[in-house]
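# Structural overview
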Amino acid sequence: MSSLSHLQDLMARVGPAGDLLIVNEYTAERLWHIGVEDGIEIFAELDEDRDVLVLSADLGAPGRSDPQALFELCLRTTFAWLATGGLRVGLDRTSGSLTLLCDFGAASLTLDDLVYALKSFGSRSVAWRDLVARREGEAALPPDSLSDYTILRL
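Residues numbered from 1 in each chain as written. Predicted model: local features only at pLDDT ≥ 70, side-chain atom pairs only at ≥ 80, totals over all residues. Heavy atoms only, no water.

Turning our eyes to something else, we now look at the nonpolar core. Membership of the largest hydrophobic core comes to 37 residues, with the highest contact counts inside it found for W32, L53 and L55. The set of elements that each furnish at least two residues to this core consists of α1 (3-18), β2 (31-37), β3 (40-47), β4 (52-60), α2 (68-79), β6 (98-105) and α3 (111-133). Once residues lying within four places of it in the same chain are set aside, the contact partners of L55 are I42, F43, A44, L100, L101, C102, F104, A117, L118 and F121. (Core = buried A, V, L, I, M, F, W, Y, C linked by side-chain atoms within 4.5 Å. Buried < 20%, exposed > 50% of the residue type's maximum accessible area, 1.4 Å probe, protein only. Helix = DSSP H or I, 4+ residues; strand = E, 2+ residues; numbered from the N terminus. Contact = heavy atoms within 4.5 Å.)

Scanning the model with the defined rule gives 5 salt bridges in all. Here R50 and D47 are joined by a salt bridge, their closest N and O atoms 2.8 Å apart. With a relative accessible area of 24%, D47 lands in the partly exposed category. Since its relative accessible area comes to 45%, R50 is described here as partly exposed. (Salt bridge = Lys/Arg side-chain N within 4 Å of Asp/Glu carboxyl O.)

This part takes up α1. Think of an α-helix as turning once every 3.6 residues; residues three or four places apart then point the same way. Roughly 30 degrees is the biggest bend found in α1, and it falls at A12, with proline P16 one to four residues downstream. Those residues of α1 not exposed but buried are S3, L4, H6, L7, L10, M11, V14, G15 and G18. Backbone geometry just downstream of α1 places D19 in the positive-phi region, at approximately 55 degrees. (Bend = angle between axes of the 7 residues up to and from the residue.)

Here we take up the sheet that holds β4. A sheet is described by the order of its strands in space; here 6 strands give the open sequence β1-β2-β3-β4-β6-β5, paired in antiparallel fashion. Unpaired on one side and paired on the other, β1 (22-26) and β5 (88-91) mark the two borders of the sheet. The sheet shows a mean angle of 25 degrees between the axes of neighbouring strands, taken without regard to direction. The pairing of β1 with β2 spans 5 bridges and is antiparallel. Within the sheet, the bridge partner assigned to I22 lies in β2 and is G35. Seen against the sheet, α1 touches β1, β2, β3 and β4 and runs at an angle of roughly 25 degrees to β2. (Pairing = 2+ DSSP bridges. Axes fitted to C-alpha atoms, helices over the stretch in contact; angles between N-to-C directions.)

Attention now goes to the packing of α2 against α3. Contact geometry for α2 and α3: axes closest at 10 Å, N-to-C directions at 150 degrees. Judged by the inter-axis angle, α2 sits roughly antiparallel to α3. As α2 runs across α3, the sense of the crossing is left-handed. Packed against α2, whose contacting residues are L70, L73, C74 and T77, the element α3 presents W128, L131 and V132 at the interface. Looking at the contact of α2 with α3 residue by residue, the class counts come to 6 nonpolar, 1 polar and no charged. (Parallel < 35°, antiparallel > 145°, perpendicular 65-115°, else oblique. Left-handed = near helix turned anticlockwise from the far one by under 90°. Nonpolar A, V, L, I, M, F, W, Y, C, P; charged D, E, K, R; others polar.)

Right, let's get into the pairing of β5. Bridge count for β5 against β6 is 4 bridges, and the pairing is antiparallel. Along β6, the bridge assignment pairs V89 with L100. Linkage of β5 to β6, two consecutive antiparallel strands, is achieved through a turn of 6 residues, within which G96 is found at a positive phi near 80 degrees.

The alternating pattern of β3 places I40, I42, A44 and L46 on a buried face, while none of E41, F43, E45 and D47, on the opposite face, is buried. Connecting β2 to the antiparallel partner β3 that follows it, the hairpin turn spans 2 residues, and G39 within it adopts a positive phi of roughly 85 degrees. Bridge analysis of β3 against β4 gives 5 bridges, and the strand direction is antiparallel. Bridge pairing in β4 places A44 opposite L55. What sits between β3 and β4 in their antiparallel hairpin is a turn of 4 residues, with D51 showing a positive phi close to 55 degrees.

Residues other than glycine seldom take positive phi values, yet D19 does so here, at roughly 55 degrees. The phi dihedral of D51 falls on the positive side, at around 55 degrees, and the residue is not glycine. Mapping D51 onto the fold places it in the loop between β3 and β4. Overall, the relative accessible area of 28% leaves D51 in the partly exposed class.

Function-wise, these values are silent; they only describe arrangement.
Listed below in structure tokens is the structure:
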């Protein structure tokens, strides 16, 4: 079975198994739009060349007028990919919006793995959205040590 067929089968079953709101497939793009729960929206895209399922979630544009500390956190998180389970944060140069991303081996995913990945990634995306939206004077960004900051790990 190809990775695409395998993922199509999993995505057809993951909604009820994970009690998800919606799973829409866009076959030509090898893309799924997933509503994990109210306010948590994830995109899953098959990268056939690397045989990985890439999860992504829009985090919005930084709420701070000087986002340097936030951008440093994004770079530290991406650099610490092993400690974070592969999480990385990208910047859309056109909109200035940040995106949370993580890859999963497509061929080896089980239904339970996919449910866990979607739920965990979804909760991390909410926490990251809150960090990105913070304005000056609101709670500080996480400490320099990423190892103790649980929203960074899957």
